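Single-letter residue listing:
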Amino acid sequence: MKDNVIVRFDNVSKSFNNTNVIKDISLDIYEGEFITFLGPSGCGKTTLLRMVSGLEKVSSGKVFIDNKDVTNVDPTKREVNTIFQNFALFPKMTVKDNITFGLRMKKENPKEIEKRCKEVIKLVKLEGFENRYPSELSGGQQQRVAIARGVIMNPKVLLLDESLCSLDLKLKKSMQVELKRIQKKLGITFIYVTHAQDEALSMSDRIAIINNGVIEQLGTPSDIYISPKTVFVADFIGEANIVDGKVISQKDDNLTLSILNNYKINIKTSEVFKKDEIVKVIIRPEDVKISPNTLTNAINGKITDFIYGGENTKLIIKIDDNNSLKSSVTDEERYSVGKNVYIKFEEKYIVALRK
Ligand code: ATP
């Protein structure tokens, strides 16, 4: 089904009061995929989502849903549903009445409504809660009601606007798994908007990183994490050490760079760089390998910070007055603040980007 385009942005721009907040975006979203618009506050991701639902009009360009040009179609006539950040449940209606509201408005057959309600309640694991009111539910249960209310309409696309952000961390983690499970089971296209990179990485088939009204990079979570195309993306997704490097030589896709006071590294790249060009070098903390024992041909540094993190502990290591590196370790018992360490790199994952 991957080839079936369900939502298409065709050179879409949007201005508010002469300020261009979406800048000529073209994007195809495929049937059945979970795509996330990820970016910092104010980058334009909600505006982009609202142009799918029709709650926001485009300034130029076109929006298609299931091959139909919906650019000027009223929001109520578009086959999409939105789940808002605050869930927007009706406080005076029971769970069941909230979930079936849309179908009742459409005057669906009551028997059919009953059947579909049972199905979605089972799907979101809310059996036994049918007659409760929203105020009698936890945040996670309210979230499930909102999802059920959206999916019962069988929309072509479900739009989720920061839908997990009001939940506490533990609930958020379990709802990430739930959302993904529900999405895969139903095969409905989910467009999810968030500024939280962990949510995007854990749930999405593809992520569109939005920065200042443009898509800075589009790809699978691992593509984006392993091969960021810009410094902004590298910095926004996961944690990164970003240091200057100088090109020593390049032979085909083998690039030799000098970083951190003439330390030589050899990396792979598909880009062509010039000799002596200054580049930005992206090194993930897990690729900064440290040892308390003397290593030859290693960088020497001193631990200045120890941030315990359960599975992974993060250390900040001072190399000199201008440079520090973050390293993620699993053998934290060997280290403490003030200790000298020797550093090498997992070079195959290091990325060089043009400045
Ligand atoms: P956040 O994560 O903070 O919600 P966002 O990436 O979703 O941010 P948008 O809500 O899409 O950002 O807003 C993009 C830009 O457009 C912002 O600079 C915002 O101030 C502006 N904007 C959004 N809606 C309007 C409006 N109705 N009138 C004027 N400016 C607006």
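With respect to empty space enclosed by the protein
Overall, the coordinates contain one cavity of 30 Å³ or more when judged by the stated rule. In this model, the largest cavity occupies a volume close to 40 Å³. Leu-49, Arg-50, Ser-53, Leu-55, Thr-82, Phe-84 and Asp-161 are the residues that line the largest cavity. Per-element accounting of the lining of the largest cavity gives the leading share, three residues, to helix 1 (residues 45-53). The class makeup of the residues in the lining of the largest cavity is three nonpolar, two polar and two charged.

Thoughts on the layout of surface pockets
What the largest pocket holds in volume is close to 730 Å³. Lining the largest pocket are 25 residues; nearest its centre among them are Val-80, Asn-81, Thr-82, Gly-102 and Met-153. Elements represented by at least two residues in the lining of the largest pocket include exactly strand 6 (80-83), helix 2 (95-105) and helix 4 (139-151). The dominant element in the lining of the largest pocket, judged by the number of residues it contributes, is strand 6, at four residues. In terms of lining residues, the second largest pocket is bounded by 15 residues, among which Ser-227, Lys-229, Thr-269, Ser-270 and Val-351 are the most central. With four residues, the top contributor of residues to the lining of the second largest pocket is strand 20 (residues 351-354). Here the residues of the lining of the second largest pocket sort into seven nonpolar, three polar and five charged. Taken domain by domain, the lining of the second largest pocket gets at least three of its residues from each of domain 1 (5-235) and domain 2 (239-354).

Details of the pairing of strand 2 (residues 19-30)
Of the strand pairs in this sheet, strand 1 (residues 5-16) and strand 2 are connected by eight bridges, and their pairing is antiparallel. Bridged to Phe-16 within strand 2 is Thr-19. Joining the antiparallel neighbours strand 1 and strand 2 is a turn of two residues, in which Asn-17 adopts a positive phi near 45°.

Points about the site of the ligand
By nearness alone, every residue bordering the ligand is listed as Phe-16, Val-21, Pro-40, Ser-41, Gly-42, Cys-43, Gly-44, Lys-45, Thr-46, Thr-47 and Glu-162. One of the side-chain nitrogen or oxygen atoms of Lys-45 is found 2.6 Å away from an oxygen atom of the ligand. Per-element accounting of the shell around the ligand gives the leading share, three residues, to helix 1. Counted by class, the shell around the ligand contains four nonpolar, five polar and two charged residues.

Thoughts on the environment of Ile-29
Within the fold, Ile-29 resides in strand 2. For Ile-29, a relative accessible area of 0% gives the class buried. Separated by 22 residues in the primary sequence, Ile-29 and Val-7 place their C-alpha atoms 5.1 Å from one another. When residues no more than four places from it in sequence are discounted, the contact partners of Ile-29 are Asn-4, Val-5, Ile-6, Val-7, Phe-9, Ile-35, Phe-37, Thr-189, Ile-191 and Arg-206.

Some thoughts on the confidence of the model for the protein
The predicted model of the protein has a mean per-residue pLDDT of 93, with 99% of residues at 70 or higher. No element of the protein has a lower mean pLDDT than helix 5 (residues 169-186), which averages 84, and none a higher one than strand 4 (residues 60-65), which averages 98.

Here's the deal with the domain arrangement of the protein
Taken domain by domain, the protein holds domain 1 (5-235) and domain 2 (239-354). If you average the C-alpha positions of domain 1 and of domain 2, the two centres end up 38 Å apart. Tallying the contact residues gives nine residues for domain 1 and eight residues for domain 2. At the boundary of domain 1 with domain 2, total buried surface from both sides reaches about 790 Å², with 60% on carbon and sulfur atoms. When the buried area of domain 1 at its contact with domain 2 is split by residue, Tyr-225, Val-231 and Ala-234 rank highest and sum to 59% of it.

Let's talk about the nonpolar core
A general tendency of soluble globular proteins is for nonpolar side chains to be buried together. Membership of the largest hydrophobic core comes to 33 residues, with the highest contact counts inside it found for Ile-99, Ile-147 and Leu-179. Of all elements in the fold, only helix 2, helix 3 (110-123), helix 4, strand 7 (157-161), helix 5 and strand 8 (189-194) reach the threshold of two or more residues within this core. In this view, Leu-179 contacts Ile-147, Leu-160, Leu-164, Phe-190, Tyr-192 and Met-203; residues no more than four positions away in its chain are not counted. In terms of nonpolar packing, the next biggest core, distinct from the first, is built from 28 residues, Val-243, Val-279, Ile-290 and Leu-325 among them.

A look at the sheet that holds strand 3 (residues 34-38)
As summarised here, the arrangement of the six strands in space is 6-7-8-3-9-10, forming an open sheet in which the pairing is mixed. The outermost strands of the open sheet, each flanked by one partner alone, are strand 6 and strand 10 (214-219). Here the average twist between neighbouring strands, direction ignored, is 20°. Of the pairings in the sheet, the one linking strand 3 to strand 8 comprises five bridges and is parallel in character. Residue pairing in the sheet places Phe-34 in a bridge with Phe-190 of strand 8. Set on the sheet, helix 5 makes contact with strand 3, strand 7 and strand 8; between it and strand 8 the angle comes to about 155°.

Calculation rules
Residues numbered from 1 in each chain as written. Predicted model: local features only at pLDDT ≥ 70, side-chain atom pairs only at ≥ 80, totals over all residues. Heavy atoms only, no water. 1 Å grid on protein atoms, 1.4 Å probe; cavity = no way out; pocket = protein on both sides within 12 Å on 5 of 7 lines; lining within 4 Å. Points joined across faces, edges and corners; volume = space filled by probe spheres on them. Helix = DSSP H or I, 4+ residues; strand = E, 2+ residues; numbered from the N terminus. Nonpolar A, V, L, I, M, F, W, Y, C, P; charged D, E, K, R; others polar. Domains from an automatic or database assignment. Pairing = 2+ DSSP bridges. Near = heavy atom within 4 Å. Polar contact = N/O pair within 3.5 Å; in protein donor to acceptor, adjacent residues only side chain to side chain. Buried < 20%, exposed > 50% of the residue type's maximum accessible area, 1.4 Å probe, protein only. Contact = heavy atoms within 4.5 Å. pLDDT = per-residue confidence, 0-100. Buried area = accessible area lost by both parts, 1.4 Å probe. Core = buried A, V, L, I, M, F, W, Y, C linked by side-chain atoms within 4.5 Å. Axes fitted to C-alpha atoms, helices over the stretch in contact; angles between N-to-C directions.

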